[in-house]
Amino acid sequence: MKSSQHLPRVIGLAALCITTPAWAETTTANLDSLTEIASLIRWSGVFMSIIVVFIAWLMLKFTQNLVDSIGAQFAQRRMLAQKLQSFFQFFIYMTAGISVFMLSFRVDDRVLTLIGGTLAVSVGFAMKDLAASFIAGLTVMIDRPFQVGDRVTFEGHYGDIVTIGLRSVRMCTLTDDIITIPNSKFLSDVVVSGNYGALDMQVVIPFHVALDQDLTLACDIIREAAASSRYIHLPKPIVVLVKQDISDNYFAIKLTLKAYVLDIKYEKLFETDITLRVMQEFKKQNICPPTIMQSTKIYR
């Protein structure tokens, strides 16, 4: 009777003895994995890696300040300095990344296998967009559809390219907004560069006059206003094109000025300067704008 009372307790202890080794084996396996991962890290090199990152940051800041200073003092050298800065930043990023990896990890067959597997999974899933942008960044650097300092139009945005990075391109719009565009976008979409590495750029300014006005005088006024502007780049030609412009509510002559501004940063000042002086001279010479027809009334 006594032995039968102890029988459930014996069975419970036996079951515990059977299940405990499975839990213990799982815990041991996890600890072994953590120990193996920790053994791949070179802890003595982690501090050096932090120093490398800090030095890289200092070099990038110094380069940015140097380029800004050169651009402010020597406008003709600004484009060249920005291009060199872009290549230097790319070199710093690659060098710092490789140095941190070599200092922080013990490179052996296990590390290479781990890296290969991680990269395969990352590229296949979560990191495929980043990998595409990285490859696209290399393509942009080699193919050069645009350069740092170019004034470009992309997906409705208009501004200057300030940085070409490993993952993205940064554009500064004319309203001082910074737009970040993934490099992969430039592989399939159209980008328009207004100056393509040059400091000067063509500016197109339209004017409209009535059909019965003195077109020769109007063209001369526009041409003279452009030639006498303080922002004009005279080595390039000044052209005024004449075209009939017919719309639903007006008939007009469209006079289009094509001239080059000496520096892309003066584009809007150049456009404003010419427009103001042309309109003032049109008013003095009684050159009228086109007639606008609304219902039965005609307005000038």
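Look up: the structure comes first, before these words.
Quick summary incoming for the structure in this document. (Residues numbered from 1 in each chain as written. Predicted model: local features only at pLDDT ≥ 70, side-chain atom pairs only at ≥ 80, totals over all residues. Heavy atoms only, no water.)

### Comments concerning helix 8 (residues 267-284)
Convention followed: To qualify as a helix, a DSSP run of H or I must reach at least 4 residues; to qualify as a strand, a run of E must reach at least 2; elements of each kind are numbered from the N terminus. The span you would expect from a helix comes to 1.5 Å times its residue count less one. The buried label applies to any residue whose accessible area, calculated with a 1.4 Å probe on protein chains only, is under 20% of its type's maximum; exposed applies above 50%, and partly exposed to all values in between. The directions from the helix axis to the C-beta atoms are what the arc is built from. Residue contacts are counted whenever heavy atoms from the two residues lie within 4.5 Å of one another.
Between its terminal C-alpha atoms helix 8 stretches 26 Å, which fits the 26 Å expected from 18 residues at 1.5 Å a residue. Looking at helix 8, one finds that the buried residues are E267, F270, I274, V278 and F282. Projection of helix 8 onto a plane perpendicular to its axis shows the buried side chains occupying an angular sector of 85°, all on one side. Every exposed residue of helix 8 that faces more than 90 degrees away from the buried side is listed here: L276, Q280, K283 and K284. In this fold, the buried residues of helix 8 make contact with strand 1 (151-154), strand 2 (157-164), strand 6 (201-209), helix 7 (215-227) and strand 8 (250-261). Trailing helix 8 by a residue or two, N286 shows a phi angle of about 55°, which is positive.

### Notes on the pattern of salt bridges
Rules: For this document, the term salt bridge refers to a Lys or Arg side-chain nitrogen within 4 Å of an Asp or Glu carboxyl oxygen.
Taken as a whole and judged by the stated rule, the model has six salt bridges. One salt bridge connects D273 with R277, and the closest N-O pair in it is separated by 3.2 Å. Of this pair, D273 and R277 both sit in helix 8, separated by four residues, roughly a single helical turn. The network of salt bridges with common partners includes R151, D160 and E267.

### Thoughts on helix 4 (residues 78-104)
The terminal C-alpha atoms of helix 4, which comprises 27 residues, lie 38 Å apart, in line with the 39 Å expected from a rise of 1.5 Å per residue. Inspection of helix 4 places R78, M79, A81, Q82, Q85, S86, Q89, I92, A96 and S104 among the buried residues, and these make up the whole buried set.

### A look at the environment of I221
The residue I221 is located in helix 7 in this model. Judged by its relative accessible area of 8%, I221 falls in the buried class. Expressed as a C-alpha distance, the spacing of I221 and R277, which sit 56 residues apart in the sequence, is 8.9 Å. Setting aside chain neighbours within four positions, we find I221 in contact with V278, E281, F282, Q285 and I287.

### Focus on the pairing of strand 6
Which entries qualify depends on this criterion: Note: two strands are recorded as paired if DSSP finds a minimum of 2 bridges between them.
Burial along strand 6 is one-sided: M201, V203, I205, F207 and V209 are buried, while Q202, V204, P206 and H208, pointing the other way, are not. Where strand 6 lies against strand 8, nine bridges are found, and the strand directions are antiparallel. Bridging across to strand 8, V204 finds its partner in K258.

### Overview of the environment of T139
Inspection of the secondary structure puts T139 in helix 6 (residues 128-143). For T139, a relative accessible area of 34% corresponds to the partly exposed category. With sequence-adjacent residues up to four places away left out, T139 is seen in contact with R144 and L187.

### What to know about the packing of aromatic side chains
Quick reminder of the rule: Any two of the Phe, Tyr and Trp rings considered here, Trp counted by its six-membered ring, make a pair once their centres fall within 6.5 Å; the pair's planes then place it as stacked at under 30 degrees, edge-to-face at over 60, or tilted in between.
Scanning the model with the defined rule gives five aromatic pairs in all. Relative to F282, the ring of F207 lies with its centre 6.4 Å away and its plane at 70°, an arrangement referred to as edge-to-face. Here F282 lies in helix 8 and F207 lies in strand 6, a separation of 75 residues in the sequence. Accessibility assignment for this pair places F207 and F282 in one class, buried. Both rings, one in Y231 and one in Y266, keep their centres 5.4 Å apart while their planes meet at 40°; by these two values the pair is tilted. With Y231 in the loop between helix 7 and strand 7 (239-246) and Y266 in the loop between strand 8 and helix 8, this residue pair connects regions lying 35 residues apart in the sequence. On the accessibility criterion, Y266 (27% relative accessible area) is partly exposed.

### Side note on the environment of I274
For I274, the position within the fold is in helix 8. On the basis of relative accessible area, I274 is assigned to the buried category, the value being 0%. Along the sequence, I274 and R230 sit 44 residues apart, while their C-alpha atoms lie 9.9 Å from each other. Discounting chain neighbours no more than four positions away, the residues touching I274 are I205, F207, A225, A226, S229 and L257.

### What to know about the packing of helix 7 against helix 8
What counts, and what does not: Angles shown run from 0 to 180 degrees and are taken between the N-to-C directions of axes, each axis being a line fitted to C-alpha atoms and, for helices, limited to the stretch in contact. Should the near helix be turned anticlockwise from the far one by less than a right angle, the crossing is termed left-handed; should it be turned clockwise, right-handed. Three categories are distinguished: nonpolar for Ala, Val, Leu, Ile, Met, Phe, Trp, Tyr, Cys and Pro, charged for Asp, Glu, Lys and Arg, and polar for the others, with Gly belonging to the last.
Contact geometry of helix 7 with helix 8 gives a least axis separation of 9 Å together with a crossing angle of 145°. Crossing of helix 7 over helix 8 shows right-handed handedness. Residue-level inspection shows A218, I221, I222, A225 and A226 of helix 7 in contact with helix 8, the latter providing I274, R277, V278, E281 and F282. Looking at the contact of helix 7 with helix 8 residue by residue, the classes come out as eight nonpolar, no polar and two charged.

Note that every value here comes from positions in space, so none of it alone points to a role or purpose.
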